[in-house]
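Each chain is listed here by its residues.
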Amino acid sequence: MWTLVLNCGSSSVKFALLDPTSGEVRLSGLAERLGSGAASVRVDRGGERVTHPLPGGSYPEAFGVLLSELGALGVRGDVGAVGHRVVHGGERFSAPALVTPEVLEAIRACVPLAPLHNPANLAGIEAAREAFPDLPHVAVFDTAFHQTIPEVAYRYAVPEAWYTQHGVRRYGFHGTSHAFVSGEAARMLGRDLSDVNLVTAHLGNGCSVTAVRGGRSVDTSMGLTPLEGVVMGTRSGDVDPGLHDFLARQAGLSLGEITAALNKESGLLGLSNLTNDMRELEEAASRGHAGARLAVDVFVYRLAKTIAGMSVALGRLDGLVFTGGIGENSAGVRAATLGRLGVLGFEVDKAANAQAVRGQAGFITTPQSTPALVVNTNEELMIARETARILQGEHA
Ligand code: ADP
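Here the structure is a predicted model, which means the values were calculated and not measured.

Q: In this structure, what is going on with helix α1 (residues 59-73)? I would like to understand it.
A: The periodicity of an α-helix, 3.6 residues per turn, causes residues three or four positions apart to be oriented the same way. Here α1 contains 15 residues, and its C-alpha end-to-end distance of 21 Å stays within 8% of the 21 Å for a straight helix at 1.5 Å per residue. Every buried residue belonging to α1 is among Tyr59, Ala62, Phe63, Val65, Leu66, Glu69 and Leu70, and all of these are buried. The buried residues of α1 occupy an angular sector of 155° when projected down its axis, which confines them to one face. More than 90 degrees from the buried face of α1, the exposed residues found are Pro60 and Ala72.

Q: Is there a simple way to explain unusual backbone geometry in this structure?
A: Across residues other than glycine, the phi torsion is negative in most instances, and most of the peptide bonds are trans. Positive phi, close to 55°, is recorded for Arg33, a residue that is not glycine. With respect to the helices and strands, Arg33 occurs in the loop between β3 (25-32) and β4 (40-45). In this structure Arg33 comes out as partly exposed when scored by relative accessible area, which is 42%. The phi angle at His174 is positive, at roughly 60°, despite the residue not being glycine.

Q: What is the right way to look at the site of the ligand in this model?
A: In the neighbourhood of the ligand, 13 residues make up the surrounding shell, with Asn205, Asp277, Met278, Arg279 and Gly325 lying closest. Side-chain polar atom of Asn205 to an oxygen atom of the ligand: 2.9 Å apart, as the coordinates give it. Here an oxygen atom of the ligand sits 3.1 Å away from a polar atom, N or O, in the main chain of Arg279. The fraction of the free accessible surface of the ligand (580 Å²) that becomes covered by protein chains is 67%. Those elements that place two or more of their residues in the shell around the ligand are α10 (278-286) and α12 (324-329). Among the elements that line the shell around the ligand, the one with the most residues is α12, at four residues. Among the residues making up the shell around the ligand, the classes are represented as two nonpolar, eight polar and three charged.

So, how was this worked out
Residues numbered from 1 in each chain as written. Predicted model: local features only at pLDDT ≥ 70, side-chain atom pairs only at ≥ 80, totals over all residues. Heavy atoms only, no water. Helix = DSSP H or I, 4+ residues; strand = E, 2+ residues; numbered from the N terminus. Expected span 1.5 Å × (residues − 1). Buried < 20%, exposed > 50% of the residue type's maximum accessible area, 1.4 Å probe, protein only. Arc of directions from axis to C-beta. Near = heavy atom within 4 Å. Polar contact = N/O pair within 3.5 Å; in protein donor to acceptor, adjacent residues only side chain to side chain. Areas by Shrake-Rupley, 256 points an atom, 1.4 Å probe, with all protein chains shown as cover. Nonpolar A, V, L, I, M, F, W, Y, C, P; charged D, E, K, R; others polar.

Printed below as a string of structure tokens:
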């Protein structure tokens, strides 16, 4: 049975048709610039790539193209379910959920927590239910994996009423990726997931670090929003909460302007004044660009500090996982991070680390070191698996 996985953003839909058991991908692609006159959808059918214009620029139009592509492949009748990525499930969802009117209402109730993402996810689910009315739809939440984090790690030291009345607490994100790579890492370590303590570092445009004890998230670096934690492409990560008041007074900036700058003009981009792209930064740093060098150094320092902090949540550290575009490809970031983590018993194997690029998973530390490994994340496959799991449970 094929599962269609959809990730609906405000102006894009990423999709993939895959087999949750084998991981085989039959069709994948991306609809972009939705809501504008320049919208288009790119479809990859196993090596062959086509692009269709979407003059209406809407979700229904994009799903119409997807339906005709499935028809042309002769697989429309073999699609058994649709799995949707949903960013915020609040405290309500600690697992994926079969989409029902009640579940849609609960996702809507989480909109204040993710005002940019949840409305787009909802609109995508509603349009997909109209396009695929005969299929079960499952919502898989970015936050759900982190609902096992204990109160001591998820509460902020702020007035209690902020938590009880407004839900101000740490939620965490990237849960699908952290869950997937912990399973893969346990397998590569030859250990049972329930018996292994890992730190997983998902380093893409957004970056987060999670402590996973026995397959359960027990702490993570992102918080109420995806802005907290380590340095990211354009997001600042942790700053002094006094910064807002200071900048409002000193620079006359509004709250909205400060928040936008912390999300879109900070991180690697803000530090380097050059780019948010780690590959370009590494090249510029090697040519002597001081801002690029500083950006990479701050990124690595803060990452190492966060990984060391996460070990507190675990007690015993059995392995460190690097994943995401930077984690899977940047041997430089990995080596520099491990170089700062000698205190946790890490020692990089330079040759193995240099080899673990371009999708090559594997160990990157010496035999006597605490193990560190590169794992290729696969959020689509995880969403497809979770979708299948929920449907099996539903039918049991
Ligand atoms: P997203 O979070 O949008 O899915 P990715 O996981 O693709 O993003 O990660 C994007 C990041 O990965 C960018 O900073 C990019 O520069 C970095 N990256 C990709 N390939 C390399 C590479 N070969 N060396 C260093 N960084 C890389």
